[in-house]
Amino acid sequence: MRVIIYADMEGTAGISVWEQVLKDKSMYAESRLLMTEEVNAAVRGAKKAGAREIVVVDSHGAGQEYSFRSLIPDRLETGAEYVFGSKYLAYVEPLRQGCHAAICTGAHAISGSLTGNLSHTVSTRWLNAYINEQPVGEVAITAALCGHFNCPIAFVSGDDITCNDAITLLGNDLTTAVVKKGLDRFAIRTLSPREAREKIEEGVCQALSRKQLPLPFKPTTPVTLTVEFTAPDEAATYANRPGVQRIDERKLQTQASDFFELWTRFYLGA
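1. Re empty space enclosed by the protein
In total, this model carries 1 cavity of 30 Å³ or more according to the counting rule given. Taken as a whole, the largest cavity encloses approximately 110 Å³ of empty space. Lining the largest cavity are 13 residues, and of these Tyr6, Asp8, Tyr88, Glu138 and Thr142 lie nearest its centre. Where the lining of the largest cavity is concerned, the elements lending two or more residues are β1 (2-7), β4 (101-107) and α3 (138-148). Across the lining of the largest cavity, the residue classes break down as 7 nonpolar, 4 polar and 2 charged.

2. Re the sheet that holds strand β3 (residues 81-83)
Read from one edge to the other, the open sheet built from 7 strands follows the order β3-β2-β1-β4-β7-β8-β9, with strand pairing classed as mixed. On the outer flanks of this sheet lie β3 and β9 (187-190), each paired with one strand and no other. Neighbour to neighbour, the strand axes of the sheet diverge by 20° on average, direction disregarded. Pairing of β4 with strand β7 (residues 153-159), which is carried by 4 bridges, proceeds in the parallel orientation.

3. Structural notes on the pairing of β1
Along β1, 6 of the 6 residues are buried, which leaves the element largely enclosed by surrounding structure. Relative to strand β2 (residues 53-58), β1 is paired through 6 bridges, and the arrangement is parallel. Bridge pairing in β2 places valine 3 opposite isoleucine 54. Of the crossover connections in this fold, the one passing from β1 over helix α1 (residues 28-48) to the parallel β2 is right-handed. Looking at chain direction, β1 and β4 are connected through 5 bridges and run parallel. Within the sheet, the bridge partner assigned to isoleucine 5 lies in β4 and is isoleucine 103.

Criteria and cut-off values
- Residues numbered from 1 in each chain as written.
- Predicted model: local features only at pLDDT ≥ 70, side-chain atom pairs only at ≥ 80, totals over all residues.
- Heavy atoms only, no water.
- 1 Å grid on protein atoms, 1.4 Å probe; cavity = no way out; pocket = protein on both sides within 12 Å on 5 of 7 lines; lining within 4 Å.
- Points joined across faces, edges and corners; volume = space filled by probe spheres on them.
- Helix = DSSP H or I, 4+ residues; strand = E, 2+ residues; numbered from the N terminus.
- Nonpolar A, V, L, I, M, F, W, Y, C, P; charged D, E, K, R; others polar.
- Pairing = 2+ DSSP bridges.
- Axes fitted to C-alpha atoms, helices over the stretch in contact; angles between N-to-C directions.
- Buried < 20%, exposed > 50% of the residue type's maximum accessible area, 1.4 Å probe, protein only.
- Right-handed = clockwise from strand over helix to strand, strands pointing away.

None of this, on its own, says anything about what the molecule does.
Given below as structure tokens:
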């Protein structure tokens, strides 16, 4: 069994404000440890379920040299391999080889969620994102990329809004671990980190041991991605990429025959 784990930070138990997730802030060092230990719990759960190859991708853009390098190498669980420094959803080799399932730890709510803790989609510069006119957050974007390779998302951990939205998208066969509840965008009611890790470890093991996993998420093709930015200048980074059309001052759109081609073109600029 090959499993890929996408690890983000904002949905981790005990984390509630930007000052905890950005590399130049005083609280970031503590949050690296919290994130790392939740990932370790997911790895242990995958090993208990019989996974023989586990690849963890650091998916948190903390800023500059720490972007996609937030996990603490010396504290990582054995029995897995770890990907550092690869741009968001750029590393797909395990998916090409064929993955039994994908796991999302530390996931956060879609941009604009009323009580979603640290809610945003990809970047705070992205106001809204849509796949085929359906509003989407990062769990849906990750699921669409994995779905291109016929890989289902089997488990998601994060706040209550994130987990509920994930079940709505992927169905009741999805296993989730709610580790905190958003009171507003910057306030939470959270499990202790230790209890959250126990819940994640148990949940991942149960998810990967289920006979019925969620179906891979496959948007109707040709697939369209529309992104509305907070300001016209924020859209400029993407506006001149091949196949990208400007809908208005702040909104861009692109279409492709599949989501992998679309994401590679729009976000990675390849």
